[in-house]
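# Structural features, examined
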Amino acid sequence: MKKALFLILAFALVVLSACGNDTPSKETKNKETKETTESKEVNLYTARHYDVDDQLYKKFEEETGIKVNVIKGEADELLERIKREGDATEADLFLTADAGRLYRAKEDGLLQAVSSDVLDEQVPANFQDKDQMWYGLTKRARVIVYNKETVKPEDLSTYEALTEDQWKGRVLIRGSENVYNQSLLASFIEINGEEKAKEWAAGLVSNFARDPEGGDRDQAKAIAAGVGDVAIMNTYYFGQMLNSEDPEEVKVAEGLGMFFPNQDTSGTHVNVSGAGVVKVAKNKDNAIKLLEFLSSPESQGTFAEANYEYPVNESVEPTELLKSWGEFKEQDIPLSVLGDNNAKSILIFNEVGWK
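This report concerns the structure included in the present document. (Residues numbered from 1 in each chain as written. Predicted model: local features only at pLDDT ≥ 70, side-chain atom pairs only at ≥ 80, totals over all residues. Heavy atoms only, no water.)

## Considering the overall build of the protein
Along the protein, the regular secondary structure elements total 16 helices and 9 strands. Out of the 355 residues in the protein, the part that is buried amounts to 51%. Looking at the protein alone, contacts between residues at least 24 apart form 78% of all its contacts between residues at least 6 apart. For the protein, the accessible area works out to roughly 17,000 Å², and carbon and sulfur atoms hold 50% of it. (Helix = DSSP H or I, 4+ residues; strand = E, 2+ residues; numbered from the N terminus. Buried < 20%, exposed > 50% of the residue type's maximum accessible area, 1.4 Å probe, protein only. Contact = heavy atoms within 4.5 Å. Areas by Shrake-Rupley, 256 points an atom, 1.4 Å probe, with all protein chains shown as cover.)

## Some points on empty space enclosed by the protein
The full count for this structure, using the stated rule, is 1 cavity of 30 Å³ or more. Of the pockets and cavities examined, the largest cavity occupies roughly 30 Å³. Going through the elements one at a time, strand S4 (135-147) and strand S8 (270-277) are the ones with two or more residues in the lining of the largest cavity. Element by element, the count of residues in the lining of the largest cavity is highest for S4, at 3 residues. Looking at the lining of the largest cavity residue by residue, the class counts come to 3 nonpolar, 3 polar and 3 charged. (1 Å grid on protein atoms, 1.4 Å probe; cavity = no way out; pocket = protein on both sides within 12 Å on 5 of 7 lines; lining within 4 Å. Points joined across faces, edges and corners; volume = space filled by probe spheres on them. Nonpolar A, V, L, I, M, F, W, Y, C, P; charged D, E, K, R; others polar.)

## Topic: the packing of helix H7 (residues 179-192) against helix H8 (residues 194-206)
In contact at an axis separation of 7 Å, H7 and H8 are set at 140° when each is read in the N-to-C sense. As summarised for this structure, H7 and H8 are arranged oblique, according to the angle between their axes. Crossing hand, H7 versus H8: right-handed. Where H7 approaches H8, its residues Leu184, Leu185, Phe188, Ile189 and Asn192 are matched on the opposing element by Glu194, Lys196, Ala197, Trp200 and Ala201. Its residues placed into classes, the contact of H7 with H8 shows 7 nonpolar, 1 polar and 2 charged. (Axes fitted to C-alpha atoms, helices over the stretch in contact; angles between N-to-C directions. Parallel < 35°, antiparallel > 145°, perpendicular 65-115°, else oblique. Left-handed = near helix turned anticlockwise from the far one by under 90°.)

## Quick notes on the side chain of Gln182
In this structure, Gln182 sits in helix H7. Given a relative accessible area of 4%, Gln182 falls into the buried group.

## So, the packing of aromatic side chains
With the rule as written, the count across this model stands at 10 aromatic pairs. For the pair Tyr236 and Tyr237, a centre-to-centre distance of 4.4 Å together with 25° between the ring planes defines the contact as stacked. You can call Tyr236 buried: its relative accessible area is 1%. A relative accessible area of 14% places Tyr237 in the buried class. A ring pair is formed by Phe349 and Trp354, whose centres lie 4.6 Å apart and whose planes are at 70°; its orientation type is edge-to-face. Accessibility expressed as a relative area gives 1% for Phe349, which makes it buried. Given the relative accessible area of 3%, Trp354 is considered buried. (Phe/Tyr/Trp six-rings, centres within 6.5 Å; stacked < 30°, edge-to-face > 60°.)

## With respect to the layout of surface pockets
If you add up the space inside the largest pocket, you get close to 350 Å³. What lines the largest pocket is a set of 17 residues, and nearest its centre among them are Lys139, Tyr310, Pro311, Pro318 and Glu330. For the lining of the largest pocket, the secondary-structure elements that each account for two or more residues are strand S9 (310-311) and helix H14 (320-324). In terms of residue class, the lining of the largest pocket is made up of 9 nonpolar, 3 polar and 5 charged.

## Some points on the pattern of salt bridges
All told, the structure shown has 26 salt bridges when counted by the stated rule. Residue Asp108 pairs with Lys83 through a salt bridge whose shortest N-O separation is 3.0 Å. Of this pair, Asp108 sits in the loop between helix H5 (99-107) and helix H6 (117-122) while Lys83 sits in helix H4 (residues 75-85), and the two are 25 residues apart along the sequence. A salt bridge links Glu249 to Lys221, with the shortest nitrogen-to-oxygen separation between them at 3.3 Å. Of the two residues, Glu249 sits in helix H11 (residues 247-254) while Lys221 sits in helix H9 (residues 216-224), which places them 28 residues apart along the sequence. Each of Arg48, Asp53, Arg140 and Glu309 takes part in one network of salt bridges that share partners. (Salt bridge = Lys/Arg side-chain N within 4 Å of Asp/Glu carboxyl O.)

## Structural notes on the nonpolar core
Ranked by internal contacts, the top residues of the largest apolar core, which has 76 residues, are Phe94 and Leu294. The leading source of residues in this core is helix H12 (residues 284-294), at 6 residues. When neighbours within four sequence positions are excluded, Phe94 is seen to be in contact with Tyr45, Ala75, Leu78, Leu79, Ile82, Ala105, Leu111, Gly274, Ala275, Gly276 and Val278. Judged by nonpolar contacts, the second largest core, of 25 residues, contains Trp167, Phe188, Leu204 and Phe349. (Core = buried A, V, L, I, M, F, W, Y, C linked by side-chain atoms within 4.5 Å.)

## Looking at unusual backbone geometry
With a phi close to 85°, Asp98 is a non-glycine residue in the positive phi region. Looking at where Asp98 falls in the secondary structure, it is placed in the loop between strand S3 (93-97) and H5. Positive phi values are uncommon outside glycine, yet Gln132 reaches one of about 60°.

## Regarding helix H16 (residues 342-352)
Burial in H16 covers these residues: Asn342, Ser345, Ile348, Phe349 and Val352. Each buried residue of H16 sits inside an arc of 120° when the element is viewed along its axis, so together they form one side. Summarising the geometry of H16, the exposed residues directed more than 90 degrees from the buried face are Ala343, Leu347 and Asn350. Turning to H16, the residues buried within the fold contact H5, H7, H8 and helix H15 (336-340). Directly beyond the C-terminal end of H16, a positive phi value near 80° is found at Gly353. (Arc of directions from axis to C-beta.)

Structural data, given as structure tokens:
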């Protein structure tokens, strides 16, 4: 009898032990819950404020089931926020305009290298960081726009020619604090050297129609107002103005011509909007998936159609509007050098009095 009772108790202990092993510990449950949460979201800090971007994030969510939490702000403010938040930041992906800003994020130690065959296939090497810490997503050219009533296309040739006497008091461009201009000058440093770049900056200052003020669109409006005859601006702003809901902006743009400079020399300056995975990203894999999605042919076509930006993905053709502006030769430099030369650009601007 005692032997039978002993066997029954032993069997019961085995069963209970087995049941206990099948029940996940609190630690295991927490780990599984965390993994499940991480697999369904990505936190994007972005300095872009376009409706088309929001549409693409929504499409990404529908296709992948991954929720995109979007935090918008100015680029420098977002970078400072990521620094301030440190390891506690929720940021997984940082997206902004201009390779110069992406360089700052990299230099500040805020980004991490990622390896992706998909990204390497969809983003050409010259439009990604040499250490794979950021990737370009959309491309724009910095061109010369001109008053079609006072300037003929044959009057134009290069950025450098705008420093000649015939353009004295006729050139419009935004201020030196603007990263677009810093990157433009950085490209000249790479191509022509610091001395030549400084000569260009000083020569352009002497031909300003007014002290720099406002954004790219304001330069176009100043041409229409008769303040100057030529301006340097990004192509996508020109596209936005041509398709603006404001009839005055459309009228301004229709009175302008667009010219791609340096076609017989070094090529027209181009830059990108791009993104990098944050160093302490908690959802790194999802951030990479979003990058891959945004550089895919479908997304690239959407960017071009809705925001008049050139695709970086070479398998995607520009839209009809972009094609109507004509093909052009681009500067043949890796965009990472725009960041490398940024500090030198700022120093030159200060030296020549470019406000």
